[in-house]
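Spelled out from the first residue to the last, the chains are:
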Amino acid sequence: MPRQKDFDETVVLDLAVQLFWTKGYNGTSMQDIVDHLGISRSSLYDTFGDKRQLFLKALHRYQQQQGGFWMSKAEKSDATLPFLREMFETALLEISEDPLSKGCFMVNAAVELAPHDPEVSQIVNNNRCQMENAFAALILKGQLTGEISTKKDALSFARFLFHVFSSIRLAAKSAIEPDELEDIMEVAFSVLSPD
C-alpha cells in the first residue's frame, strides 16, 4: 500500500511558483527547493520529479492562475477599454508594491529559458497565443461598438497590447520609475483610440 502524502501538492506547487519566480530557474538550487517547499528530497522526486519537471509544473500552474484569471475576465467583459485599463493598472500596482521586483514569472521564463528549452518555449508561446486571442475577441467587440480604432485588425492590436504588457512586466525587474511605465501605458491606449 503506497504511503499517504503528508502535504498538499497544490500548496507545495504554489510555493515552488514563488521560489522560481523570485530566484529564477538557474538561481534556484535543490537545497533551496527542499528548504522553501518544506518537503524531503524523496517526496519531491516521488511527487514532482526533478528540478526541471517541478519548474515546468510551476510554470503551468502560474499560467492557469494568472492567464486564466485575465482570460476569464476578458470573456465576461462588455467594455473593452475599461477592462484593458484595469489589467494594465493592476500590473502597474503589483509592480509598485513588489519589493523584490520579480516582474512576471512567464516573461522571466521566456527570457531565461525559452531560447534554449523547447518545452518552456512551447508553454510561453501557448500562453502568448491564448492571451492574444482573448484580447483580440475583446478588441473586436470594441471595434464593433466604436470604442476601438479600426485602423488595424483586432489580432494586430491584440499582439501589440500583449507585447506592451509583457514589456512593462519585464521592465519591473529594472529601476524604471512608475511614471515611466504609466507613460508607456498611456501611449499604448492612445493607439487604440478611434479617430
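Structural data are supplied above this passage.
Bear in mind the structure is a predicted one, so any value in this text is a computation, not a measurement. (Residues numbered from 1 in each chain as written. Predicted model: local features only at pLDDT ≥ 70, side-chain atom pairs only at ≥ 80, totals over all residues. Heavy atoms only, no water.)

Undergrad: Just give me the short version of the overall build of the protein chain, but keep the residues and values in it.
TA: A tally of regular secondary structure across the protein chain gives 9 helices and 0 strands. Ordered by position from the N terminus, the helices and strands of the protein chain form the series α-α-α-α-α-α-α-α-α. Expressed as lengths along the three principal axes of its C-alpha atoms, the size of the protein chain is roughly 65 × 40 × 30 Å. The contacts in the protein chain between residues at least 6 apart in sequence include a share of 70% that link residues at least 24 apart. When the accessible surface of the protein chain is totalled, it reaches about 10500 Å², and 53% of it is carbon and sulfur. Computing the positive centroid from 19 side-chain charges and the negative centroid from 28, the protein chain places the two 6 Å apart. (Helix = DSSP H or I, 4+ residues; strand = E, 2+ residues; numbered from the N terminus. Contact = heavy atoms within 4.5 Å. Areas by Shrake-Rupley, 256 points an atom, 1.4 Å probe, with all protein chains shown as cover. Lys, Arg positive; Asp, Glu negative; His and termini not counted. Charge placed at Lys NZ, Arg CZ, Asp CG, Glu CD.)

Undergrad: Requested: an account of a negative patch on the surface, with residues and values cited.
TA: A contiguous patch of negative charge on the surface is contributed by E177, D179, E180, E182 and D183. Topologically, E180 is positioned in helix α9 (residues 178-192). (Patch = residues over 30% accessible without salt bridge, like charges linked within 9 Å, V, L, I, M, F, W, Y side chains within 5 Å. Salt bridge = Lys/Arg side-chain N within 4 Å of Asp/Glu carboxyl O.)

Undergrad: Can you explain the pattern of salt bridges? Please cite residues and give values.
TA: Within this structure, the stated rule accounts for 10 salt bridges. With a shortest N-O distance of 2.7 Å, D14 and R61 are connected by a salt bridge. Placement of D14 in helix α1 (residues 9-23) and of R61 in helix α4 (residues 51-76) is noted, with a sequence separation of 47 residues between them. Overall, D14 belongs to the partly exposed group, its relative accessible area being 25%. In this structure, D32 engages K23 in a salt bridge whose closest nitrogen and oxygen atoms are separated by 3.0 Å. Its relative accessible area of 39% is what places K23 among the partly exposed residues. Connected via shared salt-bridge partners are R52, D117 and E119. (Buried < 20%, exposed > 50% of the residue type's maximum accessible area, 1.4 Å probe, protein only.)

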